[in-house]
Amino acid sequence: MKVLVPVKRVVDANVKVRVKADGTGVDLSNVKMAMNPFCEIAVEEAVRLKEAGTASEVVVVSIGPQAAQETLRTALAMGADRGILVKTDATVEPLAVAKILKAVVAAEGPQIVLLGKQAIDDDANQTGQMLAALLGWSQGTFAFKLVKEGDTLTVTREIDGGLQTVKLKLPAVITTDLRINTPRYASLPNIMKAKKKPIDEKTPADYGVDVAPRLAVLKVSEPAKRKGGVKVDSVAALVDKLKNEAGVI
Amino acid sequence: MRALVIAEHTNSALKDATAKAVSAAQKLGGEVDVLIAGEAARPAAEEAAKLSGVAKVLLAEAPSLARQLAEPMAALVVSLAGPYDALVAPATTNGKNVMPRVAALLDVMQISDVVSVDGPDTFTRPIYAGNAMMQVRSGDAKKVLTVRTASFQAAGAGGSAAIESVPAAADPGLSEFVSEQLAKSDRPELTSAKIVISGGRAMASKENFAIIEKVADKLGAAVGASRAAVDAGYAPNDWQVGQTGKVVAPELYIAVGISGAIQHLAGMKDSKVIVAINKDEEAPIFQIADYGLVADLFQAVPELEQELAKLGK
Ligand SMILES: Cc1cc2nc3c(=O)[nH]c(=O)nc-3n(C[C@H](O)[C@H](O)[C@H](O)COP(=O)(O)OP(=O)(O)OC[C@H]3O[C@@H](n4cnc5c(N)ncnc54)[C@H](O)[C@@H]3O)c2cc1C
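Q: Any chance you could break down the overall build of chain A for me, citing the residues and the numbers?
A: For chain A, the count of helices and strands is 6 helices and 13 strands. Its C-alpha atoms give chain A principal-axis dimensions of about 65 × 45 × 40 Å. Expressed as a percentage of its 249 residues, the buried residues of chain A come to 52%. A separation threshold of at least 6 residues defines the contact pool for chain A, and within that pool the share at least 24 residues apart is 70%. Chain A carries 35 positive and 29 negative side-chain charges, and their two centres are separated by 1 Å.

Given below as structure tokens:
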């Protein structure tokens, strides 16, 4: 059974981005980039499926600029077998990403596509669900636990009130939440080995997908700033402020 | 302009998130209908009919809809989408699960987590953990939106919409509900509570959260947590506040032993009043707190409980 893992190159989670003065976007020049943390979790889960003998091959795919190759190398160093770079310098919206992935699925024939539940740049939380829709597959979003039995996948999901377990028919699309695993750090020998693993290069046009955006970005602005407040020197003073100044208790 | 709000409910009752999505949908400037999809869900439909400004409630009932799994839900919503210009759901885990599936089936680019409706096709949403706000205009014929409930007032009562039964779409038969582990609590829901008190990594154990829970009970507050506290097993996953958890904007948010990472701030920085209790006076949380108390939480929190008791809470 083949597992496909789409991965996205994003701003490192520790970076606090700045909005460009002209309001056209955020300033990404000289900013540290990394694999989206939820994608790392998806790669880890796929590699674990392979280590458990459930998956036979883990293929990673990234849609993005040439530099997204580094993201693929990171995934290969974690244990994925080979990569596909769908090269484009355009900003590709989740719907177009899902369409490209649908074509990659048609070419690769995986039984499971494992993705992160959201990318920490656009925070859209859409791609996996959209891909499942386009493929007509079942979907297990916000996965907390995965168990494969025969041709079904039992998925425990993080939901607003707690946890929910569903049984999905394979093939399926799964999106990972934070608690399903802790991604490994690639060891030096594995980083060296990853350099020799194959990465195929494609373009959106190879898959016949139009990536023209549907949304026009009118403006990107700073969020409303909060003013810092005051320090209080005791719990009694705090309670007094909350009751008599803020009036919230 | 006609909008359909996909309701969040428990079959037997409507959730507050629905009333907030209704008020977001009203800002589109046209008629608003509500879809209740479930099993034996008439009580939820009756509640929805009473929301002010709702034109009509569509009620779809079938065993396959009992748990609102994404596959049958999306099939249903797509079957009803024809006359609507906008499909709107709250950005709850249900809305986030179902709506992108609907959007892709309709070949629409969804707009997630809308915090402001600026026009019938123009919306503002946070990106980069709320460090930037993006205003977009959708060129799609239909709009598919999820809305951030913390950013919209709940629609009031006083409506008397008609309830119309509609057939459930055929179940695609791809998924099956197995079980649910839901936290039972008498406290208010995190996303609709007026007061939230959250604990971080510094709580150091599940048992220690009891001191926070005691304060919560005195204040009628909901309890939240940082990711670090959830990851460590001190708090259940559904308490996580932040970029990738729940977004709250209560009247009062009390952060206890939480450093104030951007991912946590993303989930609570729109609260009206923020209190931080942290023993490190340099903790970033103090930069956004209205009232900061530099103290050991293990002393300050029990003391807070006693001070509240003095007020008769
Ligand atoms: C992809 C991704 C998604 C994330 N999503 C979220 C999210 O949704 N929500 C979220 O919260 N985080 C999220 N995070 C994690 C976030 O980056 C921080 O790691 C996390 O918020 C830290 O939690 P904390 O403040 O409890 O712990 P810490 O940062 O360890 O802070 C603990 C604080 O407690 C204080 N302290 C220690 N002992 C005491 C004491 N006795 N009394 C008083 N104070 C004390 C310390 O001074 C410190 O400030 C995410 C991270 C990533 C990479």
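Q: Please provide a residue-by-residue account of a nonpolar patch on the surface, values included.
A: Residues Leu188, Ile191 and Met192 of chain A make up a contiguous nonpolar surface patch of roughly 280 Å² in combined accessible area. Judged by its relative accessible area of 33%, isoleucine 191 of chain A is partly exposed.

Q: Which residues make up the sheet that holds strand E8 (residues 132–138) of chain B, and what values do they have?
A: Within the open sheet, the 4 strands sit side by side as E12(A)-E8(B)-E7(B)-E6(B). Their pairing is antiparallel. Looking at which strands have only one partner, the edges of the open sheet turn out to be strand E12 (215–221) of chain A together with strand E6 (116–119) of chain B. Averaged over all adjacent pairs, the angle separating strand axes in this sheet is 30°, with direction ignored. Where E12 of chain A and E8 of chain B come together, 6 bridges link them in antiparallel fashion. In the strand pairing of E8 of chain B, valine 220 of chain A is matched with methionine 134 of chain B.

Q: Which residues make up empty space enclosed by the protein, and what are the values?
A: Under the definition given, this model contains 4 cavities of 30 Å³ or more. Reported here for the largest cavity is a volume of approximately 100 Å³. Taken together, 14 residues line the largest cavity, and the ones lying closest to its centre are Asp12, Ala13, Val15 and Ile120 of chain A together with Tyr128 of chain B. For the lining of the largest cavity, the elements supplying multiple residues, two or more each, are strand E2 (9–11) of chain A together with helix H7 (262–265) of chain B. If you add up the space inside the second largest cavity, you get close to 70 Å³. As for the second largest cavity, its lining consists of Ile6, Ala7, Glu8, Gln68, Met73, Ala89, Pro90, Thr92, Asn94, Gly95, Val98 and Met99 of chain B. Top element by residues in the lining of the second largest cavity is helix H4 (residues 93–105) of chain B. It accounts for 4 residues. The residue inventory of the lining of the second largest cavity, partitioned by class, reads 7 nonpolar, 4 polar and 1 charged.

Q: Which residues make up the pairing of strand E1 (residues 2–6) of chain A, and what are the values?
A: Residue and element names in this part refer to chain A. Most of E1 is tucked away, with 4 of its 5 residues classed as buried. Where E1 lies against strand E4 (residues 57–64), 5 bridges are found, and the strand directions are parallel. For proline 6, the partnering residue across the bridge sits in E4 and is valine 61. Bridge count between E1 and strand E6 (residues 112–116): 2 bridges; the pairing is parallel.

Q: I'd like a description of the site of the ligand, backed by residues and values.
A: Taken together, 29 residues lie near the ligand, and Arg201, Ser226, Gln240, Ser259 and Asn278 of chain B sit nearest. Residue neighbours of the ligand fall on chains A and B, so the site bridges chains. Between serine 259 of chain B and the ligand, the recorded distance is 2.6 Å, taken from a side-chain N or O atom to an oxygen atom. Notes on the ligand: free accessible area 980 Å², of which the protein chains cover 82%. Where the shell around the ligand is concerned, the elements lending two or more residues are helix H1 (37–51) of chain A together with helix H6 (227–231), H7 and helix H8 (297–310) of chain B. Classifying every residue of the shell around the ligand gives 12 nonpolar, 12 polar and 5 charged.

Q: Could you give me a rundown of the nonpolar core, with the residues and numbers involved?
A: Ile100 of chain A together with Ile6, Leu35, Ile36 and Leu87 of chain B are the most contacted members of the largest nonpolar core, which totals 97 residues. What leucine 87 of chain B contacts, discounting residues up to four positions off in sequence, is Leu4, Ile6, Val77, Ala81, Met99, Val102, Leu106, Lys143, Val144 and Leu145 of chain B. In terms of nonpolar packing, the next biggest core, distinct from the first, is built from 42 residues, Cys39, Ala46, Ala119 and Val155 of chain A among them.

Q: I'd like a rundown of the pairing of strand E8 (residues 152–159) of chain A, residues and numbers included.
A: Residues and elements named next belong to chain A. Burial of E8 is extensive: 8 of the 8 residues sit out of reach of the surface. In this structure, strand E7 (residues 138–149) lies alongside E8, joined through 6 bridges in antiparallel fashion. By the bridge assignment, valine 147 is partnered in E8 with threonine 154. If you look at the hairpin formed by E7 and E8, you'll find 2 residues sitting between the two strands, and glycine 150 has a positive phi there, around 55°. Where E8 meets strand E9 (residues 162–169), 8 bridges bridge the pair, whose relative direction is antiparallel. Counted as the bridge partner of arginine 157 is glutamine 164 from E9.

Q: Can you tell me about the interface of chain B and chain A, naming the residues and giving the values?
A: Every contact between the two is made by 86 residues of chain B and, on the other side, 78 residues of chain A. For the pairing of chain B and chain A, the buried interface totals around 6,900 Å² over both sides, and the portion due to carbon and sulfur atoms is 56%. Ranking the residues of chain B by area buried against chain A places Met109, Tyr128 and Tyr291 of chain B at the top, with a combined share of 12%. Linking chain B with chain A are 5 salt bridges. A salt bridge links arginine 214 of chain A to aspartate 140 of chain B; the shortest N-O distance between them is 2.7 Å. The interface formed by chain B and chain A holds 48 residue pairs in polar contact (both at pLDDT 80 or more) in total.

Q: Tell me about the packing of helix H4 (residues 127–135) of chain A against H4 of chain B, and please be specific about residues and values.
A: Each packed pair of helices is defined by two parameters, the angle between the axes and the distance between the axes. Relative to each other, H4 of chain A and H4 of chain B sit at 50°, their axes nearing to 7 Å. As summarised for this structure, H4 of chain A and H4 of chain B are arranged oblique, according to the angle between their axes. Relative to H4 of chain B, the crossing made by H4 of chain A is right-handed. Listed contacts from H4 of chain B to Gln129, Met130, Ala132, Ala133 and Leu134 of chain A of H4 of chain A are Lys96, Asn97, Pro100, Arg101, Ala103, Ala104 and Leu105 of chain B. Its residues placed into classes, the contact of H4 of chain A with H4 of chain B shows 8 nonpolar, 2 polar and 2 charged.

Thresholds, definitions, all that
Residues numbered from 1 in each chain as written. Chains lettered and ligands numbered in written order. Predicted model: local features only at pLDDT ≥ 70, side-chain atom pairs only at ≥ 80, totals over all residues. Heavy atoms only, no water. Helix = DSSP H or I, 4+ residues; strand = E, 2+ residues; numbered from the N terminus. Buried < 20%, exposed > 50% of the residue type's maximum accessible area, 1.4 Å probe, protein only. Contact = heavy atoms within 4.5 Å. Lys, Arg positive; Asp, Glu negative; His and termini not counted. Charge placed at Lys NZ, Arg CZ, Asp CG, Glu CD. Patch = residues over 30% accessible without salt bridge, like charges linked within 9 Å, V, L, I, M, F, W, Y side chains within 5 Å. Areas by Shrake-Rupley, 256 points an atom, 1.4 Å probe, with all protein chains shown as cover. Salt bridge = Lys/Arg side-chain N within 4 Å of Asp/Glu carboxyl O. Pairing = 2+ DSSP bridges. Axes fitted to C-alpha atoms, helices over the stretch in contact; angles between N-to-C directions. 1 Å grid on protein atoms, 1.4 Å probe; cavity = no way out; pocket = protein on both sides within 12 Å on 5 of 7 lines; lining within 4 Å. Points joined across faces, edges and corners; volume = space filled by probe spheres on them. Nonpolar A, V, L, I, M, F, W, Y, C, P; charged D, E, K, R; others polar. Near = heavy atom within 4 Å. Polar contact = N/O pair within 3.5 Å; in protein donor to acceptor, adjacent residues only side chain to side chain. Core = buried A, V, L, I, M, F, W, Y, C linked by side-chain atoms within 4.5 Å. Buried area = accessible area lost by both parts, 1.4 Å probe. Parallel < 35°, antiparallel > 145°, perpendicular 65-115°, else oblique. Left-handed = near helix turned anticlockwise from the far one by under 90°.

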